[in-house]
Amino acid sequence: MGHCYHHALSSVRKWGGTPEEYLPLHQWFDESKAITADFRHRALRHHAEGIFMLERFFGPTLTLGTGRVVPVRLIGEQHVVEDLGFVPSFADWVRAIRPEPWMGRAQPIHKLVDPFAAAA
C-alpha cells in the first residue's frame with residue numbers, strides 16, 4: 001500500500017463510512033515520513049505498540065457517520081498489515097537496526113548532578 005488515502009479506501013471497503021472518517025488515523029501512522037521519506041519511517045509506528053498508541057490518541061473506537069462503531073485497534077492492524085504483511089513488535093524493528101558506536105556513548109553524569117553520589 002502507499003498513500004494514506006488508499007489505506008482509508010481499504011477501510012471503507014472493510015467497515016463502510018467515508019475515506020475522510022479514517023484518513024486522520026492513517027495519516028498518523030505515516031507522519032514519520034516527514035523524518036525519513038522511505039520505508040524506514042515505519043519503524044516509529046508500524047508495530048504492535050504503535051497500534052496501541054493509535055488507540056490512546058484516537059480512543060478505543062471510531063463512530064462512523066452511519067452509526068457503525070469500529071475498533072481503532074483493528075484499523076491500525078489493517079494499516080500495518082497492508083504495509084508489512086504482518087504486525088511486528090517494536091523488538092522486531094530494533095533487531096534489524098545495526099548498532100553504531102555513537103549509539104552507545106552515553107556519558108555517566110550522575111556524579112556531576114547528584115549531590116549524594118559517592119565521590120570517586
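Residues numbered from 1 in each chain as written. Predicted model: local features only at pLDDT ≥ 70, side-chain atom pairs only at ≥ 80, totals over all residues. Heavy atoms only, no water.

(A) Seen up close, the overall build of the protein chain. In terms of regular secondary structure, the protein chain is built from six helices and two strands. Its helices and strands taken in sequence order, the protein chain reads α-α-α-β-β-α-α-α from the N to the C terminus. The C-alpha radius of gyration of the protein chain comes to 19 Å, more than 25% above the 14 Å expected for a compact globule of 120 residues. Dimensions of the protein chain, computed from the C-alpha atoms along their principal axes, are close to 70 × 30 × 25 Å. Out of the 120 residues in the protein chain, the part that is buried amounts to 32%. Here the contacts in the protein chain between residues at least 6 apart in sequence split such that 51% fall between residues at least 24 apart. Surface accessibility of the protein chain: about 7900 Å² in total, with carbon and sulfur atoms responsible for 62%. A distance of 5 Å separates the average location of the 13 positive side-chain charges in the protein chain from that of its 13 negative side-chain charges. (Helix = DSSP H or I, 4+ residues; strand = E, 2+ residues; numbered from the N terminus. Rg over C-alpha atoms; globule rule 2.2 N^0.38 Å. Buried < 20%, exposed > 50% of the residue type's maximum accessible area, 1.4 Å probe, protein only. Contact = heavy atoms within 4.5 Å. Areas by Shrake-Rupley, 256 points an atom, 1.4 Å probe, with all protein chains shown as cover. Lys, Arg positive; Asp, Glu negative; His and termini not counted. Charge placed at Lys NZ, Arg CZ, Asp CG, Glu CD.)

(B) Just the UniProt feature "domain: DUF6915" (unreviewed entry) in the protein chain, in detail. Annotation from UniProt places "domain: DUF6915" (unreviewed entry) at residues 3-103. Counting secondary structure, residues 3-103 comes out at 53% helix and 6% strand; the distance between its end C-alpha atoms is 32 Å. (UniProt positions renumbered as here; feature names shortened; annotations may be inferred.)

(C) Seen up close, the packing of helix α1 (residues 4-15) against helix α4 (residues 72-84). Packing of α1 against α4 leaves a shortest axis separation of 10 Å and a crossing angle of 125°. One way to sum up the angle between α1 and α4 is to call them oblique. The crossing of α1 and α4 is right-handed. Contacts between α1 and α4 pair His7, Ser10, Ser11 and Trp15 from the former with Leu74, Ile75, Gln78, His79, Glu82 and Asp83 from the latter. Residues belonging to the contact of α1 with α4 are distributed by class as follows: three nonpolar, five polar and two charged. (Axes fitted to C-alpha atoms, helices over the stretch in contact; angles between N-to-C directions. Parallel < 35°, antiparallel > 145°, perpendicular 65-115°, else oblique. Left-handed = near helix turned anticlockwise from the far one by under 90°. Nonpolar A, V, L, I, M, F, W, Y, C, P; charged D, E, K, R; others polar.)

(D) Expanded view of the packing of aromatic side chains. Per the counting criterion, the structure on display carries three aromatic pairs. Here a set of aromatic residues connected by ring pairs shows up, and it is made of Trp28, Phe29 and Phe57. The positively charged end of arginine 45 is found above the aromatic ring belonging to tryptophan 28, 4.2 Å away from the centroid. (Phe/Tyr/Trp six-rings, centres within 6.5 Å; stacked < 30°, edge-to-face > 60°. Lys NZ or Arg CZ within 6 Å of the ring centre and 35° of its normal.)

(E) Spotlight on the environment of leucine 23. Secondary-structure assignment places leucine 23 in helix α2 (residues 19-30). Linking leucine 23 and histidine 7, residues 16 residues apart in sequence, is a C-alpha distance of 7.9 Å. If we skip the residues at most four places from it in the chain, leucine 23 touches Cys4, Tyr5 and Ala8.

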